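Residue strings, one per chain:
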Amino acid sequence: MKKLLRYTLVLVGLIQLVSCKKDNSIAIADLPAAIKNYVEANYPGYALEEAEQETLCTGESTYEVEIEQGDDDELELTFDTDGNFLFSETEIPVAELPAAVINTIASNYAGFKTEEADKLSMADGTTRYEVELEKGKTEKEVLFDAEGGVICEQDE
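These notes cover the structure that comes with them. In this text the structure is predicted, and so the values were computed from the model without any measurement.

### Brief notes about the nonpolar core
Item 1. In terms of nonpolar packing, the biggest core is built from 13 residues, with Leu31, Val65, Ile67, Leu77 and Phe79 touching the most fellow members.
Item 2. Broken down by secondary-structure element, the contributors of at least two residues to this core are α2 (33-42), β2 (61-69) and β3 (73-80).
Item 3. Once you skip the residues sitting within four places of it in the chain, Ile67 turns out to touch Val39, Tyr43, Tyr46, Ala47, Leu48, Glu49, Asp73, Glu74, Leu75 and Leu77.

Have a look at this one:
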């Protein structure tokens, strides 16, 4: 019985160790005031739900916040470390990617399957697309401009 308990404890410990993921979460209270003010001014009725510190594939450190209005209306906003708005992000069906992006994926990432796509509405009015690609155990996140040009990529 003691042996079974010991093995169970070791197994539970291993599962916890394997499932540990770096937590980039930060408290809403710790966000720069500029971010809170931006959300309040531009998204009345939305509440800040979650916040994380992230590094974009371009190397830029950012704050990514999730805001919600009711149960069904969610949006992700990304800000630089000074609290300046960079872009909003919404998930889109892969079929809605522009043909230029689909063509670049076919030519530059042959054999990769498109797992997920997000549309980024940039502060300057342009649009970009963030696409998760998978080939076997290799996963990449690639950022495209609207014309299908690769801005950057990172392995997941």
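### Quick notes on a negative patch on the surface
Item 1. Taken together, Glu49, Glu50, Asp71, Asp72, Asp73 and Glu74 make up a surface patch of like negative charges.
Item 2. Among the elements of the structure, β1 (47-55) and β3 are those that each provide at least two residues to the negative patch.
Item 3. Among the structural elements, Asp72 can be located in the loop between β2 and β3.

### Quick look at the side chain of Ser88
Item 1. Along the chain, Ser88 falls in strand β4 (residues 85-92).
Item 2. According to the relative accessible area criterion, Ser88 is buried, its value standing at 12%.

### Some thoughts on the pattern of salt bridges
Item 1. One pass over the full model with this rule turns up 2 salt bridges.
Item 2. The closest approach of N and O atoms between Lys140 and Glu153, which form a salt bridge, is 3.1 Å. Of this pair, Lys140 sits in strand β7 (residues 138-145) while Glu153 sits in strand β8 (residues 150-155), placing them 13 residues apart in sequence.
Item 3. Its relative accessible area of 35% is what places Glu153 among the partly exposed residues.
Item 4. Residue Lys140 pairs with Asp155 through a salt bridge whose shortest N-O separation is 2.9 Å. Taken together, the residues span a long stretch of sequence, with Lys140 in strand β7 and Asp155 in strand β8 at a distance of 15 residues.
Item 5. The network of salt bridges with common partners includes Lys140, Glu153 and Asp155.

What counts as what
- Residues numbered from 1 in each chain as written.
- Predicted model: local features only at pLDDT ≥ 70, side-chain atom pairs only at ≥ 80, totals over all residues.
- Heavy atoms only, no water.
- Core = buried A, V, L, I, M, F, W, Y, C linked by side-chain atoms within 4.5 Å.
- Buried < 20%, exposed > 50% of the residue type's maximum accessible area, 1.4 Å probe, protein only.
- Helix = DSSP H or I, 4+ residues; strand = E, 2+ residues; numbered from the N terminus.
- Contact = heavy atoms within 4.5 Å.
- Patch = residues over 30% accessible without salt bridge, like charges linked within 9 Å, V, L, I, M, F, W, Y side chains within 5 Å.
- Areas by Shrake-Rupley, 256 points an atom, 1.4 Å probe, with all protein chains shown as cover.
- Salt bridge = Lys/Arg side-chain N within 4 Å of Asp/Glu carboxyl O.
- Lys, Arg positive; Asp, Glu negative; His and termini not counted.
- Charge placed at Lys NZ, Arg CZ, Asp CG, Glu CD.

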